[in-house]
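Single-letter residue listing:
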Amino acid sequence: MKEREAAPPAVPVRLEDARLTAGHGRFIDDIELPGMLFAAFVRSPLAHAQITGMDCEAARAIPGVRCVLAADVLEREGVAPLACEAPIAGLSDPGRSVMASDRVRHVGEIVAMVVADTAHLARDAVEAVAVEYAELTPVPGLPAKQGQTGARLHESIAENRAYHWQVGDRPAVEKAIAAAAHIVDLTVENNRLVINPMEPRGAVGLHDRETDAYTLYAPTQGVHLMRNILAENVLGIARERLRVVTGDVGGAFGIRLQVYPEYPLLLLAARLAGAAVKWVAERSETYLCDAHGRAQVNSARLVLDEQGGFTALQVSSQADLGAYLSTFAGIVASTSGTRVLGHAYAIPAIHVEVTGIFTNTVPVDSFRGAGKPEMIYLLERAIEKAAVELGVDPVALRRRNLIAADALPYVSPVGTEIDCGDFEAALDRALQEADWAGFEAKREAARRRGWYAGVGLGLYVHTAGAFSEERSEVSVDPSGTVSVSTGSQSAGQGHETIFAAIAADRLGLAPGVIRIVQGDSDLVPPGGGTGGSNSVMVSGTTIAYATDRLIEKGRELAAAALEAASGDVEFTEGRFRVAGTDLSIGLFDLAARASELGEAEGLSAGCDYDGASGTYPNGCYIAEVEVDPETGHIRLTGFTAVDDIGVAMNGEASRGQIAGGIVQSIGQALLEHTAYDAASGQLLSGSLMDYALPRADDIPDISHALENIPTTANLFGAKGVGEIGALGALAPVVNAVLDALRPLGVEHIDMPLTPERVWQAIRSAADGDIQPALLRD
């Protein structure tokens with residue numbers, strides 16, 4: 001694709017905000033259809049059990065209950081199990097039946113479905129379904145945490161191991177270890193997270209008896225991806241017989257990409273009941289049925305020479321997959337996460353092996369960064385530990401090993417090619433913005449108040465870009481609007497604003513006349529959806545090129561309309577003009593004449609994405625904390641973020657995306673703890689009463705600066721933004737806390753660093769002989 005060069009468009013105030021803040025958004029619970037019924041699900045109360053009996057007759061006898069479905073209907077109706085859609089070498093996938101038939105493997109797994117006239121009646125009827133279980137021994141966590149493999153979850157899979165995967169040069173790493181001057185070993189837990197988007201998940205299924213076609217309304221990150229998997233792999237029908245519609249989405253973060261059991265069940269129920277069927281999860285239900293995130297135990301061996309240069313990195317990871325393989329679970333900890341190994345550092349030899357383990361927990365899948373935050377966190381923690389063990393300055397150790405700007409493009413030992421950046425410049429800017437040199441005065445001031453202050457930093461590099469199958473189409477309506485259709489899906493990122501600005505800038509029109517069409521598989525062209533921070537790079541590029549092609553097509557039509565040579569026709573500010581004359585025709589007037597000029601389908605054009613979509617945003621973050629040694633309470637007192645996002649398409653939107661990722665990482669580092677009972681496998685943190693999300697008073701003012709170097713990988717020079725805050729923020733926060741507690745002998749705490757954990761670590765340090773009076777000096 002070679003078209004005219006692009007400059008950043010003039011981006012207006014977010015176009016979607018007026019509609020959303022006025023309450024005119026259309027979310028899944030706003031869908032109301034004539035004669036609609038409501039579904040509720042019977043979910044397993046046990047983590048691991050055989051189903052020994054089920055009686056649905058009492059529920060079926062309740063007035064207003066239309067049908068009760070159990071697993072026996074699935075084979076009869078041809079509903080196939082869900083499968084991992086992103087397999088890797090050696091992956092063992094047992095499949096995931098959308099309703100359990102003989103065995104349940106996590107609390108919350110669906111065993112039956114009730115459809116009734118009202119949502120309340122459906123929920124009440126669920127209580128009338130009698131299910132008998134024979135409880136089995138659960139495996140509620142990884143062997144690294146539980147100490148043993150435990151009971152087998154799937155008969156066909158030994159040791160509950162879904163895969164063992166590796167990449168890198170093991171012999172080179174072993175050679176470096178043998179010659180090492182220093183070796184630093186570290187094992188960390190990357191805690192399991194419940195994602196908690198603002199809008200709970202839900203869906204509406206609809207079946208048309210006349211055409212035997214289905215419609216699914218659901219909050220997704222891409223309607224074509226959802227349609228293709230559901231139709232072809234689960235329902236066994238042609239794609240054309242399923243329409244997927246996504247309206248406004250109240251947060252996604254990766255977990256709206258997955259195909260969930262509720263979706264085919266709602267479509268099946270709609271056909272059997274002869275009416276639309278709706279389900280919207282209650283908040284506590286989402287804890288049991290939405291994919292969880294992270295859930296890894298990672299070990300690193302960082303190898304150094306006498307001068308403190310990194311010579312090798314060896315990584316071993318265990319990934320908790322939950323009870324089944326979710327849609328993209330195969331790649332999260334393997335091919336996705338490990339792409340960033342080494343990130344900003346020149347490490348000559350790297351080897352990583354990852355083992356995916358089934359446990360009796362909710363399945364785990366991609367969440368904001370899809371495995372990359374785990375790897376960034378591991379290495380930055382290991383570097384900090386190396387600095388402590390060697391007695392060197394952590395900044396100097398990092399600086400000594402950074403990939404130099406003039407060494408780019410750089411191909412890492414795991415095959416990632418970073419095209420551009422200046423990691424040392426980002427480091428220096430962050431140190432300056434945070435006044436790193438002046439922190440000791442803050443440390444002393446905190447001690448006078450009885451608190452311990454600490455500062456931590458970390459660098460990151462993201463490998464942004466996921467789905468490159470994308471097409472965008474632009475068409476002109478004679479009534480005065482331009483429609484831009486694309487397969488990506490907004491979930492709060494501001495696509496309506498950015499995409500409209502791209503088209504409007506090239507057409508010389510006001511952004512308000514641009515109408516963004518998304519979220520309907522019958523209306524929008526094929527696309528992989530939104531993920532991997534790829535929307536501007538992929539959809540933005542195809543929109544720009546499609547707009548350019550529309551202008552070129554319009555030039556030919558305008559030449560015919562104005563009886564001029566096409567080479568004499570110019571286009572500016574929404575009008576075609578014949579150079580040197582007063583002859584012109586407006587874009588919308590030309591669209592009205594398109595048919596008579598030979599364009600039966602009107603004035604429109606499209607473009608398919610062609611090429612790689614990868615970009616490498618990067619940066620450096622610094623966190624400052626204070627810790628109360630008597631309570632373990634942590635106060636985050638400062639946070640500085642310096643990011644290289646290439647050309648910033650919309651500074652305000654970019655800052656909002658980055659800040660959101662940082663806040664989610666602060667929540668993971670300090671607050672969020674998905675707790676399963678070790679004996680029963682029950683989810684203990686099953687609601688917002690037990691699961692702590694960050695609040696406004698947990699977050700300091702975030703100082704943000706850009707140190708941008710444009711990429712040549714796409715038309716705009718932009719790099720992905722949506723996930724970078726989540727990649728970079730974990731390590732600085734934890735490093736800062738450990739820096740604060742180092743005088744007390746605390747060397748390691750795993751996330752989340754709750755007051756209880758911090759308090760226990762303080763009292764366990766120095767042989768547990770620290771007294772509160774001594775902590776106060």
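Remember, it's a predicted structure, so these values are computed and weren't measured experimentally.

## Focus on the sheet that holds strand β2 (residues 49-55)
Ordered in space as β4-β2-β6, the 3 strands form an open sheet in which the pairing is antiparallel. The outermost strands of the open sheet, each flanked by one partner alone, are β4 (103-104) and β6 (130-135).

## Regarding the side chain of T220
Following the sequence through the fold, T220 ends up in the loop between β10 (213-217) and α7 (223-235). Here T220 is in contact with M226, V244, T246, V249, R256 and Q489, once residues within four sequence places are set aside.

## Remarks on the pattern of salt bridges
Using the criterion set out here, one finds 43 salt bridges in the structure. Among the salt bridges present, the one from K442 reaches E624, with a minimum N-O distance of 3.0 Å. Of this pair, K442 sits in helix α14 (residues 439-448) while E624 sits in strand β26 (residues 618-627), placing them 182 residues apart in sequence. For E599, the salt bridge is made with K553, and the minimal N-O distance between the two is 3.9 Å.

## Observations regarding the sheet that holds strand β11 (residues 242-245)
As summarised here, the arrangement of the 7 strands in space is β3-β5-β1-β12-β9-β10-β11, forming an open sheet in which the pairing is mixed. Edge positions in the sheet fall to β3 (65-70) and β11, since each of these pairs with one other strand and no more. Across the sheet, the axes of successive neighbouring strands diverge by a mean angle of 20°, strand direction being ignored. Strand direction decides the pairing type here: strand β9 (residues 202-208) and β10, joined by 5 bridges, are antiparallel. The residue bridging G205 from the neighbouring strand is L216, located in β10. Taken strand by strand, helix α4 (residues 119-126) contacts β1 (37-43), β3, β5 (110-116) and β12 (277-280), and its axis lies near 25° from that of β1. Across the sheet, helix α8 (residues 262-273) is in contact with β1, β3, β5, β9, β10, β11 and β12; its angle to β9 comes to roughly 35°.

## Some thoughts on the environment of V131
Tracing the chain through its elements places V131 in strand β6. With 75 residues separating them in the primary sequence, V131 and C56 have C-alpha atoms 8.5 Å apart.

## Topic: helix α18 (residues 651-670)
Along its 20 residues, α18 runs 28 Å from first to last C-alpha, staying within 8% of the 28 Å computed at 1.5 Å per residue. Where α18 begins, the capping side chain belongs to N650, and its oxygen is found 3.2 Å from the backbone nitrogen of E652.

## A short note on the packing of α18 against helix α20 (residues 730-741)
Any two packed helices are characterised by the angle at which their axes cross and by the distance between the axes. Contact geometry of α18 with α20 gives a least axis separation of 8 Å together with a crossing angle of 40°. Here α20 runs oblique to α18, going by the angle between their axes. Relative to α20, α18 is oriented so that their crossing is right-handed. Each of S665, I666, Q668, A669 and L670 in α18 lies in contact with α20, whose residues at this interface are L730, V733 and V734.

## Considering the packing of aromatic side chains
Under the defined criterion, the tally for this structure stands at 7 aromatic pairs. Ring geometry for Y260 against Y263: centres 6.0 Å apart, planes inclined by 85°, an arrangement best described as edge-to-face. Judged by its relative accessible area of 1%, Y263 is buried. Look at Y460 and Y621: their rings are 5.4 Å apart centre to centre, the planes differ by 55°, and that puts the pair in the tilted class. Of this pair, Y460 sits in strand β18 (residues 452-461) while Y621 sits in strand β26; the two residues are 161 residues apart in sequence, bridging distant segments of the chain. Both residues of the pair, Y460 and Y621, belong to the buried class. An aromatic cluster is built from Y460, Y621 and F639, whose rings are joined through pairwise contacts. The aromatic ring of Y452 is capped on one face by R447, whose charged end is 4.0 Å from the ring centroid. One Lys or Arg, R635, reaches over the ring of W451 and ends 4.1 Å from the middle of that ring.

## Regarding the nonpolar core
Membership of the largest hydrophobic core comes to 107 residues, with the highest contact counts inside it found for Y163, L302, L313, Y621, L741 and L753. When sequence neighbours within four positions are dropped, the list of residues in contact with L753 reads I634, A669, L670, V734, V737 and V758. If you look at the next biggest cluster of nonpolar residues, it comprises 60 residues, including Y214, Y260, L267 and C289.

## With respect to unusual backbone geometry
Put simply, L408 and P409 share a cis peptide bond, and its omega is 5°. Following M751, the chain continues to P752 via a peptide bond in cis, the omega torsion being 0°. For P752, the location among the structural elements is in the loop between α20 and α21 (755-764). A positive phi angle, close to 55°, is found at D212, a residue other than glycine. Here D212 lies in the loop between β9 and β10.

Here is what the cut-offs are and how they apply
Residues numbered from 1 in each chain as written. Predicted model: local features only at pLDDT ≥ 70, side-chain atom pairs only at ≥ 80, totals over all residues. Heavy atoms only, no water. Pairing = 2+ DSSP bridges. Helix = DSSP H or I, 4+ residues; strand = E, 2+ residues; numbered from the N terminus. Contact = heavy atoms within 4.5 Å. Salt bridge = Lys/Arg side-chain N within 4 Å of Asp/Glu carboxyl O. Axes fitted to C-alpha atoms, helices over the stretch in contact; angles between N-to-C directions. Expected span 1.5 Å × (residues − 1). Polar contact = N/O pair within 3.5 Å; in protein donor to acceptor, adjacent residues only side chain to side chain. Parallel < 35°, antiparallel > 145°, perpendicular 65-115°, else oblique. Left-handed = near helix turned anticlockwise from the far one by under 90°. Phe/Tyr/Trp six-rings, centres within 6.5 Å; stacked < 30°, edge-to-face > 60°. Buried < 20%, exposed > 50% of the residue type's maximum accessible area, 1.4 Å probe, protein only. Lys NZ or Arg CZ within 6 Å of the ring centre and 35° of its normal. Core = buried A, V, L, I, M, F, W, Y, C linked by side-chain atoms within 4.5 Å.

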